[in-house]
Amino acid sequence: MTVFIDRIIPQVGLDLLDEAGLAYEQHTEPRELDLQELIERCQHHDALLTAGSLPINKDFIQACKQLKVISLLSVGYDRVDVQTATKWKIPIGNTPDVLSEATADTAFLLMLAVSRKALYLHKKIVKGEWGFSQPTDDLGFSLQGKTLGVFGLGNIGYVLAKKAKAAFDMPIIYHNRSHNEQAEQTLGAQKVSFDDLVQRSDVLVAFSSLTPETKDKFNKEIFTKMKPSAIFINASRGAVHNETDLIEALEKGMIWGAGLDVTNPEPMQTDNPLLNMANVAVFPHIGSNTIEARNGMASIAARNVIAALNEQPLLHIVNPEVYQQHQR
Ligand code: DGY
């Protein structure tokens, strides 16, 4: 049994595969394989452990249907055609929980960076523009007591809400399909309608996964309804906001600021006007970029591979329906 790994992953994951007696081929060049290359590599293996960004689409799955598992080094699985994988009884593994702290911290950092114009002011120093300033110049605002609204309050949203409550005593409102009992009981979080969330949040953070329902969810119509003093943060997937509408909303003062860990497209082009706005902070999709999170993700992704190749259930699976069908 052999494994193809499409990027360099933390050693802990490789050690686990070694201990399990699994050989692997790892793509270590600093470039993304194209779809055809990925197919050619994977056709010779039993498992794919993937940290790349290529769509794992119908063409790929049909060409590589001998795979016994596709193990993602991510919690998000929007790049996978889950329906086709399920049809071919290929389990899809993902890595939830271990990145919740890191991703919540990224959103927390964005909240602060935007509210204090931190990245913009840093750039001013770099450009030699730290000169005379009036006491009224470049003011940000305090987060103390401001309302945090979370769109998609799951594990990551809960960690952020807990930190925001502890640090700035922020009241928490959220919009989910179901109640988050833990957030309601421990943080006094209040479940509200989507319209309420949009209209009442001082800081509105999107953590929802990308689905047909959440694609372009934050668009001009929604930005118009937000407070002109509000900050929009996206730490989920870039396609959850409409970037052209976001630029317009900021330029016209429909909202005060924005913090993005994810953009649409990625990477963001260097001439994107968002990069020059004082009240905007953009990060290059670093939500899970901590040693702790990445080690945890590599460990789960490797253990998902090992489980599947031993005909055991995955630790974390996206499509448990594969187990309800006759096994291959
Ligand atoms: C995730 O795990 O989904 C992060 O966004 C990294 O892709």
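Throughout, residues of each chain are indexed from 1 in the direction in which the sequence is written. It should be noted that, the model being predicted, local features are given only for residues of pLDDT at least 70 and side-chain atom pairs only at 80 or more, the latter also being counted only at that level, while totals for whole chains, interfaces and linings use all residues. In computing side-chain values, all of the structure's heavy atoms are included and hydrogens and water are not.

What follows is about the site of the ligand. With respect to spatial proximity, the complete set of residues near the ligand consists of Ser-74, Val-75, Gly-76, Leu-99, Arg-237 and His-285. Here a polar contact means two N or O atoms within 3.5 Å. Within protein one must be a hydrogen donor candidate and the other an acceptor candidate, and residues neighboring in sequence count only if both atoms are side-chain atoms. Taking Val-75, its main chain carries an N or O atom lying 2.7 Å from an oxygen atom of the ligand. Between the ligand and the protein, one listed contact pairs an oxygen atom with a backbone N or O atom of Gly-76 at 2.9 Å. Areas reported as accessible are Shrake-Rupley estimates using a 1.4 Å probe. Residue values count occlusion only from the protein chains shown. In the complex, the protein chains occlude 78% of the 230 Å² of accessible area that the ligand would expose alone. Following the grouping adopted for this structure description, the nonpolar residues are Ala, Val, Leu, Ile, Met, Phe, Trp, Tyr, Cys and Pro, the charged ones are Asp, Glu, Lys and Arg, and the polar ones are all others, Gly among them. Looking at side-chain class alone, the shell around the ligand contains two nonpolar, three polar and one charged residues. Throughout, near means a residue has at least one heavy atom within 4 Å of the molecule or strand.

Boundaries of every domain are those given by an automatic assignment or by a domain database. When the domains of the protein are assigned, the result is domain 1 (2–97 + 290–327) and domain 2 (100–282). Spacing between the C-alpha centres of domain 1 and domain 2 amounts to 32 Å. Residue contacts are counted whenever heavy atoms from the two residues lie within 4.5 Å of one another. Contacts between domain 1 and domain 2 engage five residues on the former and five residues on the latter. Note on definitions: buried area is the accessible-area loss of two parts on being combined, 1.4 Å probe, summed for both. Taken together, the two surfaces of domain 1 and domain 2 that pack against each other cover about 460 Å², and 44% of this comes from carbon and sulfur.

Whether two aromatic rings pair depends on their centres lying within 6.5 Å, for rings of Phe, Tyr and Trp, where Trp uses its six-membered ring; planes under 30 degrees apart make the pair stacked, over 60 edge-to-face, and the rest tilted. Across all of its chains, the model carries seven aromatic pairs by this definition. Ring geometry for Phe-223 and Phe-232: centres 5.5 Å apart, planes at 75°, overall edge-to-face. By the burial criterion, Phe-223 is buried, and Phe-232 matches it. Taken together, Phe-151, Phe-194, Phe-218, Phe-223 and Phe-232 form an aromatic cluster joined through their ring pairs. Partly exposed describes any residue whose relative accessible area lies between the buried limit of under 20% and the exposed limit of over 50%, with all areas from a 1.4 Å probe on protein chains only and scaled to the type maximum.

Spatially, the seven strands line up as an open sheet ordered β8-β7-β6-β9-β10-β11-β12, and their pairing is parallel. The open sheet terminates on both sides in strands that have one partner only, identified here as β8 (190–191) and β12 (280–282). DSSP bridges decide pairing: two strands pair if at least two such bridges lie between them. Segments assigned H or I by DSSP are reported as helices when at least four residues long, segments assigned E as strands when at least two residues long, and all are numbered from the N terminus. Of the strand pairs in this sheet, strand β11 (residues 257–260) and β12 are connected by three bridges, and their pairing is parallel. Within β12, the position partnered with Leu-260 by the bridge is Val-282. Lines are fitted to the C-alpha atoms to define the axes, a helix being fitted only along its stretch in contact, and any angle between axes, read from their N-to-C directions, falls within 0 to 180 degrees. This element, helix α5 (residues 100–115), spans β6 (148–151), β9 (203–206), β10 (231–234), β11 and β12 of the sheet and lies at about 150° to β10.

Here the focus is the nonpolar core. Counting residues in hydrophobic clusters, the biggest one holds 56 residues, and the most contacted among them are Met-111, Leu-148, Leu-160 and Val-305. Top element by residues in this core is helix α12 (residues 291–309). It accounts for nine residues. Of the residues that make up this core, three or more belong to each of domain 1 (2–97 + 290–327) and domain 2 (100–282). Other than its neighbours up to four places away in sequence, Leu-148 contacts Met-111, Leu-160, Ala-161, Ala-164, Met-170, Pro-171, Ile-172, Ile-173, Val-203 and Val-205. Only buried Ala, Val, Leu, Ile, Met, Phe, Trp, Tyr and Cys residues count toward a nonpolar core, and they belong to the same one when joined by side-chain atoms within 4.5 Å.

Right, let's talk about helix α11 (residues 243–251) for a bit. In terms of burial, α11 is largely enclosed, as seven of its nine residues are buried. Every buried residue of α11 is listed here: Glu-243, Asp-245, Leu-246, Ile-247, Glu-248, Ala-249 and Leu-250. Tucked into the core, α11 has its buried residues touching α10 (220–225), β10, β11 and β12. At the N-terminal end of α11, a side-chain oxygen is found 3.1 Å from the backbone nitrogen of Thr-244, two or three residues along, and the residue is Asn-242.

The next point concerns the packing of α5 against helix α7 (residues 155–168). Angle between the axes and distance between the axes: these two values describe a pair of packed helices. It is at 8 Å that the axes of α5 and α7 come closest, and there the two elements cross at 50°. With respect to their mutual orientation, α5 and α7 come out oblique. Like other packed secondary-structure pairs, α5 and α7 cross with a definite hand, here right-handed. Within the contact between the two elements, α5 uses Ser-100, Glu-101, Thr-103, Ala-104, Asp-105, Ala-107, Phe-108, Met-111 and Leu-112 and α7 uses Asn-155, Ile-156, Val-159, Leu-160, Lys-163, Ala-164, Ala-167 and Phe-168. Of the residues assigned to the contact of α5 with α7, the class counts are 11 nonpolar, three polar and three charged. Note on terminology: angles under 35 degrees are roughly parallel, angles over 145 are roughly antiparallel, angles of 65 to 115 are roughly perpendicular, and the others are oblique. Two helices crossing with the near one rotated counterclockwise from the far one by less than a right angle form a left-handed crossing, whereas a clockwise rotation gives a right-handed crossing.

A few words on the side chain of Ser-299. Residue position: Ser-299 is located in helix α12. Given the relative accessible area of 14%, Ser-299 is considered buried. In this view, Ser-299 contacts Val-12 and Leu-16; residues no more than four positions away in its chain are not counted.

Bringing the sheet that holds strand β3 (residues 47–50) into the picture now. With respect to topology, five strands assemble into an open sheet ordered β2-β1-β3-β4-β5, the strand pairing being parallel. The open sheet terminates on both sides in strands that have one partner only, identified here as β2 (23–26) and β5 (92–93). Note: strand β1 (residues 2–5) against β2, four bridges, orientation parallel. Directly across from Phe-4, in β2, lies its bridge partner Glu-25. With respect to the sheet, helix α2 (residues 35–42) is in contact with β1, β2 and β3, its orientation differing from that of β1 by roughly 165°. Against the sheet, α12 engages β1, β3, β4 (69–72) and β5, with an angle of about 170° to β4.

Next up on the list: α5. Between the first and last residue of a helix there are one fewer steps than residues, each counted as 1.5 Å, and that sum is the expected span. Between the first and last C-alpha of α5 there are 23 Å, a value that for 16 residues agrees with the 22 Å anticipated at 1.5 Å per step. Taken across its 16 residues, α5 has 12 buried, putting it largely inside the fold. Restricting attention to buried positions, one finds in α5 the residues Ser-100, Ala-102, Thr-103, Ala-104, Thr-106, Ala-107, Phe-108, Leu-110, Met-111, Ala-113, Val-114 and Ser-115.

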